[in-house]
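Now for the letters of each chain:
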Amino acid sequence: MSSMRFAYITDTHLGCNEHGHQMQSRYLGHDAVLFDGLGQWISDNDVAFVIHGGDMTDNGTQEEIDHTNAMCERLNVPVYVSLGNHDLIHPDSMERWRNSGRTSHGAYLPDGQDCFAVDAGSVTVVVISHHWNPQHDHQWIMDQSQAARIDQRQENTLNQLMREANRPVIAASHMVLNPISAQQRNTEEPLYPPPSEYLTSWQRIAASNPNLRLALCGHNHTTTRHDHGSFISCTTGSYIERPAQVRLITTSPEAITVETHSLADTLGLPSELKPEQAWSVGPQDCRAFTIKL
Ligand SMILES: [Fe+2]
Ligand SMILES: [Fe+2]
């Protein structure tokens, strides 16, 4: 079988203003430029579909979902999402995504599922929209605990999807599975570690499914990579922050190859980084790597 390509972007926070978590300056007011440019890049690179890592929107309102649909329509390929905390702020956000989060190429959550599989040639991508709150499913209450959580049904479904795949699997979840290392920031302490129970859930899933080889995560707006032994996890910078980064993932029977492209210069947008957080774009070995299969 020949190779195939998909794109990964994350943390577009559509509907946002200058406030909120960010590592580099946001391209406010440039949504159309960013999505038209990404659509062109997708066409130039023969990309089959897009996985969005979540925080598609800033608040998960209907207005923002409608805007997201208009932007993603410009990509001209199917878009799938692992919803993020910012997508699930209202009690009815999940229902809105299930009912109306889509383009003419299909729904972001196929059949409204919070766990589903996408065919990527010789690899399967398993996508999960996990929970954020101990009491509420699929809702993030901004001022309360943000510990990400996978419930038993979801864990069972992930295990089943990976078993049925019976070939290498890439997972996508919004919450990180690795911190930003101290080495990357040249400091003493790692930053934003994963919640311990959430990491434990994934370690259990990985132990049952040795075909899990890569996990794609968002949330920290930083490009990182971490080796867990049987699989690699990586996080990716926010597409609406400088320098507009997108991952290009190529699958073949022999390897999963991950590259990181910055579209800022091509799109005519400023690319100068905040020097004190220039590490957020990641060192070269986090930006590009190959997993041999
Ligand atoms: Fe985010
Ligand atoms: Fe997030």
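Above this text is the structure in question.
Residues numbered from 1 in each chain as written. Chains lettered and ligands numbered in written order. Predicted model: local features only at pLDDT ≥ 70, side-chain atom pairs only at ≥ 80, totals over all residues.

### Some remarks on unusual backbone geometry
Phase 1 of the analysis: Here the bond from arginine 242 into proline 243 is cis, since omega is 0°, no more than 30 degrees from zero.
Phase 2 of the analysis: Note on placement: proline 243 falls in the loop between β11 (232–235) and β12 (245–251).
Phase 3 of the analysis: The residue aspartate 46 is not glycine, and still its phi comes out positive at about 55°.
Phase 4 of the analysis: Tracing the backbone through its elements, the reader meets aspartate 46 in the loop between α1 (31–44) and β2 (47–52).
Phase 5 of the analysis: With 10 C-beta atoms packed within 10 Å, aspartate 46 lands in the exposed category.
Phase 6 of the analysis: Phi at alanine 244 takes a positive value of approximately 60°, unusual for a residue other than glycine.
Phase 7 of the analysis: Along the chain, alanine 244 turns up in the loop between β11 and β12.
Phase 8 of the analysis: The class of alanine 244 is buried, set by 28 C-beta atoms lying within 10 Å. (Helix = DSSP H or I, 4+ residues; strand = E, 2+ residues; numbered from the N terminus. Buried ≥ 20, exposed ≤ 12 C-beta atoms within 10 Å, placed from the backbone.)

### Topic: the nonpolar core
Phase 1 of the analysis: Formed by 70 residues in total, the largest nonpolar core has its most connected members in Ile51, Val125, Val126, Ile170 and Leu216.
Phase 2 of the analysis: If near-sequence neighbours (up to four positions away) are discounted, valine 125 is found in contact with Ile51, Ala117, Val118, Ala120, Ile170 and Ala172. (Core = buried A, V, L, I, M, F, W, Y, C linked by C-beta atoms within 7 Å. Contact = placed C-beta atoms within 7 Å.)

### Re the sheet that holds β12
Phase 1 of the analysis: Ordered by their spatial adjacency, six strands build an open sheet running β3-β2-β1-β12-β13-β14, and the pairing between neighbours is mixed. What marks the edges here is a single partner per strand, and that holds for β3 (79–81) and β14 (289–292). Strand-to-strand twist of the sheet, defined as the mean angle between neighbouring strand axes without regard to direction, takes the value 25°.
Phase 2 of the analysis: Where strand β1 (residues 4–9) and β2 come together, four bridges link them in parallel fashion. By the bridge assignment for β2, isoleucine 9 is matched with histidine 52. (Pairing = 2+ DSSP bridges. Axes fitted to C-alpha atoms, helices over the stretch in contact; angles between N-to-C directions.)

### Details of the sheet that holds strand β8 (residues 169–173)
Phase 1 of the analysis: Pairing in this open sheet of six strands is mixed, and the strands run β6-β7-β8-β9-β11-β10 from one edge to the other. Looking at the sheet topology across the chains shown, the edges are occupied by β6 (115–120) and β10 (224–227). Going from strand to strand, the sheet's axes swing by 20° on average, the running direction of each strand aside.
Phase 2 of the analysis: Relative to β11, strand β9 (residues 212–217) is paired through four bridges, and the arrangement is parallel. Directly across from leucine 214, in β11, lies its bridge partner isoleucine 232.

### Examining the pairing of β6
Phase 1 of the analysis: Direction of pairing for β6 relative to strand β7 (residues 123–128): antiparallel, over a ladder of six bridges. Counterpart to aspartate 119 in the pairing with β7 is threonine 124.
Phase 2 of the analysis: Counted along the chain from β6 to the antiparallel partner β7, the turn is two residues long, and its residue glycine 121 has a positive phi close to 75°.

### Regarding the packing of helix α4 (residues 152–165) against helix α6 (residues 196–208)
Phase 1 of the analysis: Interaxial distance between α4 and α6 falls to 10 Å at its minimum, and their mutual angle equals 30°. Between α4 and α6, the angle falls in the class roughly parallel. Relative to α6, α4 is oriented so that their crossing is right-handed. Counted together, Glu155, Leu158 and Asn159 of α4 and Ser201, Ile205 and Ser208 of α6 form the full contact between these two elements.
Phase 2 of the analysis: For the contact of α4 with α6, a count of residues per class yields two nonpolar, three polar and one charged. (Parallel < 35°, antiparallel > 145°, perpendicular 65-115°, else oblique. Left-handed = near helix turned anticlockwise from the far one by under 90°. Nonpolar A, V, L, I, M, F, W, Y, C, P; charged D, E, K, R; others polar.)

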